[in-house]
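Listed below are the residues making up each chain.
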Amino acid sequence: MKLKLLAATAVLATTLGLMMPAVAENPVQVQQLIETRRGPGSNLSGANLSGVDLANVDLRGANLSNANLAGANLSGANLKGANLSGANLSKANLDTADLSVANLVNAKFDEAILTNANLNAANLQGADLISANLRNADLFRANLNGANLRGADLFKANLNAANLYGANLLGVKGANLTNGIGLVR
């Protein structure tokens, strides 16, 4: 009887979406990051860090691929050379964050704050930056091939030598695309 009740509860919880999916994360490294605010080179792939305050944290070269950082505060964070491919950074605060030479392929930055962020030579191929705030961001030599920048704010953003082939620029605000690469003129 107990086994039937347990099975029925599991089926109901799964149907209603109450059970958490398996997360491929290293809980020790997540705890260490939260306690020490340092995690250079850490493997945090698939970690659920949504809404967590990670302001000014050191995550140079860390693996955050497929991590959930939606709504997280990463202002001033050092993510230089980090792997955030497939990560969800929707509505995250990345003001003044260093994302230079980071792997941001297919990452979601919808409505994220990237003001004054360093995205120099970052790979944003296929990334979603819908309605993102990129004011004063440095995108020098960034790869935005196939990125979706619909409605993004690019006022005073540096797009010199940025690869804009196939990028969706519909409704972008304040962009100086003069020295971008791949635009039909």
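A quick note: this is a predicted structure, and the numbers were derived from the prediction, not measured. (Residues numbered from 1 in each chain as written. Predicted model: local features only at pLDDT ≥ 70, side-chain atom pairs only at ≥ 80, totals over all residues. Heavy atoms only, no water.)

**Section: the overall build of the protein**
Next, step 1: Looking only at helices and strands, the protein has two helices and zero strands in total.
Next, step 2: For the protein, long-range pairs separated by at least 24 residues make up 1% of all intrachain contacts whose partners lie at least 6 apart in sequence.
Next, step 3: Taken as a whole, the protein presents about 9300 Å² of accessible surface, with 54% of it coming from carbon and sulfur. (Helix = DSSP H or I, 4+ residues; strand = E, 2+ residues; numbered from the N terminus. Contact = heavy atoms within 4.5 Å. Areas by Shrake-Rupley, 256 points an atom, 1.4 Å probe, with all protein chains shown as cover.)

**Some points on the pattern of salt bridges**
Next, step 1: Evaluation of the coordinates by the stated rule reveals six salt bridges.
Next, step 2: The partner of D58 in a salt bridge is R38, and the shortest N-O contact between them spans 3.2 Å. With a gap of 20 residues between them, D58 in the segment after α2 (27-36) and R38 in the segment after α2 connect regions that are remote in the sequence.
Next, step 3: The salt bridge partner of E111 is K91, with a shortest N-O separation of 4.0 Å. Placement of E111 in the segment after α2 and of K91 in the segment after α2 is noted, with a sequence separation of 20 residues between them.
Next, step 4: Judged by relative accessible area, E111 falls into the partly exposed class, the value being 47%.
Next, step 5: One network of salt bridges, with partners in common, ties together R38, D58 and R60. (Salt bridge = Lys/Arg side-chain N within 4 Å of Asp/Glu carboxyl O. Buried < 20%, exposed > 50% of the residue type's maximum accessible area, 1.4 Å probe, protein only.)

**Considering the environment of A167**
Next, step 1: With respect to the helices and strands, A167 occurs in the segment after α2.
Next, step 2: Overall, the relative accessible area of 16% leaves A167 in the buried class.
Next, step 3: Each C-alpha atom of the pair A167 and L144 lies 6.4 Å from the other, and the pair is 23 residues apart in sequence.
Next, step 4: Ignoring anything within four residues of it in the chain, the contact list for A167 reads L144, G146, A147 and L149.

**Here's the deal with the environment of A137**
Next, step 1: By secondary structure assignment, the location of A137 is in the segment after α2.
Next, step 2: Overall, A137 belongs to the buried group, its relative accessible area being 1%.
Next, step 3: For the pair formed by A137 and L159, sequence separation is 22 residues and the distance between their alpha carbons is 8.7 Å.
Next, step 4: A137 has contacts with L114, N116, A117, L119, K156, A157 and N158, leaving out every residue within four places of it along the chain.

**Some points on the side chain of D110**
Next, step 1: Assignment of secondary structure puts D110 in the segment after α2.
Next, step 2: For D110, the side chain forms a polar contact with the side chain of K108, separated by 3.3 Å. (Polar contact = N/O pair within 3.5 Å; in protein donor to acceptor, adjacent residues only side chain to side chain.)

**Quick look at unusual backbone geometry**
Next, step 1: One non-glycine residue, R141, lies in the positive phi region at around 60°.
Next, step 2: Among the secondary structure elements, R141 is positioned in the segment after α2.
Next, step 3: Within the chain, K156 stands out as a residue other than glycine whose phi angle is a positive 60°.
Next, step 4: Relative to the elements of secondary structure, K156 occurs in the segment after α2.

**A short note on the confidence of the model for the protein**
Next, step 1: Averaged over all residues, the pLDDT of the protein equals 88, while 85% of them reach at least 70.
Next, step 2: Segment residues 1-24: pLDDT under 50, and eleven contacts once partners within four positions in sequence are set aside and those in other chains are kept. (pLDDT = per-residue confidence, 0-100.)

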